[in-house]
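Each chain, letter by letter, is given below.
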Amino acid sequence: MVVSFETPGLLDSCLRSIAASPRAGNVVVVDNSTTSACADVAADRHPSVTLIRPPANVGYGAAANIGVEATTTDVVLILNADTWLAAGSVEALLDSFDRHADAAVVGPRLSTESGVVQPSCARFPTPASVWLHQSGVWKLFRRTPLGPVTQPFFEPAGAGVVPWVLGAALAVRRSAFERVGGFDPAFFMYYEEVDLCRRLAAIGYTTRFAPTANVHHVGGASTAGDAATMRRTMYRSLATYTARHGGRGQSLLLRVAVVAAEMMQMLRDVALAILRRPRRPHLAAARNRWSTVGDALRGWPAASAAVSVERVAA
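These figures come from a predicted structure and were not determined experimentally.

### A look at a nonpolar patch on the surface
A surface patch of nonpolar side chains, about 320 Å² in accessible area, is lined by Val270, Ile274 and Leu275. With respect to the helices and strands, the residue Val270 is situated in helix H10 (residues 247-275). A relative accessible area of 35% places Val270 in the partly exposed class.

### As for the pairing of strand E6 (residues 103-111)
Most of E6 is tucked away: eight of the nine residues are buried. Relative to strand E11 (residues 169-173), E6 runs antiparallel, the two being bridged by two bridges. Looking across to E11, one finds that Val105 is bridged to Val172. Pairing analysis gives two bridges linking E6 to strand E7 (residues 117-118), with the strands arranged antiparallel. Residue pairing in the sheet places Leu110 in a bridge with Gln118 of E7. Connecting the antiparallel pair E6 and E7 is a turn made up of five residues, with Gly115 showing a positive phi of about 100°.

### Observations regarding the environment of Ser111
Looking at the secondary structure, you find Ser111 in strand E6. We classify Ser111 as buried; its relative accessible area is 2%. Expressed as a C-alpha distance, the spacing of Ser111 and Gly219, which sit 108 residues apart in the sequence, is 9.9 Å. Beyond its immediate sequence surroundings of up to four residues, Ser111 is in contact with Val116, Val117, Gln118, Asn214, Val215, His216 and His217. One polar contact links Ser111 to Asn214, side chain to side chain, over a distance of 3.2 Å.

Reading guide: rules and limits
- Residues numbered from 1 in each chain as written.
- Predicted model: local features only at pLDDT ≥ 70, side-chain atom pairs only at ≥ 80, totals over all residues.
- Heavy atoms only, no water.
- Patch = residues over 30% accessible without salt bridge, like charges linked within 9 Å, V, L, I, M, F, W, Y side chains within 5 Å.
- Areas by Shrake-Rupley, 256 points an atom, 1.4 Å probe, with all protein chains shown as cover.
- Salt bridge = Lys/Arg side-chain N within 4 Å of Asp/Glu carboxyl O.
- Helix = DSSP H or I, 4+ residues; strand = E, 2+ residues; numbered from the N terminus.
- Buried < 20%, exposed > 50% of the residue type's maximum accessible area, 1.4 Å probe, protein only.
- Pairing = 2+ DSSP bridges.
- Contact = heavy atoms within 4.5 Å.
- Polar contact = N/O pair within 3.5 Å; in protein donor to acceptor, adjacent residues only side chain to side chain.

Printed below as a string of structure tokens:
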């Protein structure tokens, strides 16, 4: 199933790649768009696809839940519209589930159209890793022995168990997915897959990486228009995740980490504004960073930071 948002051209490519797979099963598109362009592509060019349009943009996780419910297979591949499948990917993902009965989530290798690998596995976030990533300090360690433990995402040497995989493309075992209630709609965007993998791990399931499955990924196609808003949305989702899985102490440390990282980036933007022309883009970036700092210092909006009730079945 595919979640789309204002990317009709990419959705068409995604659906064409799915149609080329002999084991794809029934295809469902849940379109969160405010325009009809994606829906028109699905209806006009891919009439066999089941199209669902919620009355409003319900967010990525909630849309994926709707799509999974509308499918019928034991394993469901959940895709962003800015992805397309390489030949044999579906078969490779299904094979991983067949070989590992404890696997609840399997992620493919992600790459650009030209074949450049996009590392898609990561460790569960901590305030320290958030500071390293968002400040950009991790880049200083890339060529040192600390590189493997400081980089935000990694590419395993081969197939195996990983903490979590990027939600741009992942396959889920329906029985496990339904047991934990699917994605938590408290995460409108970002960290819904991290939370899902964490809850699944808590009851004995594993998340696996299957490098023989390859999915091409554009990345950021539906969020590129307002990077500052998307960054604040990401932090709010991270705050929700941390409140649930880390508690009050971790939440406080997260606020410190976010403020420190954003202040470092803001000072960089101010320095660039002084040294380079035109200055306006760098000053705008600095103001956006300052807004994010204020958001963190206020503790994030209550509705976003509230911990939703666990929905793990007994």
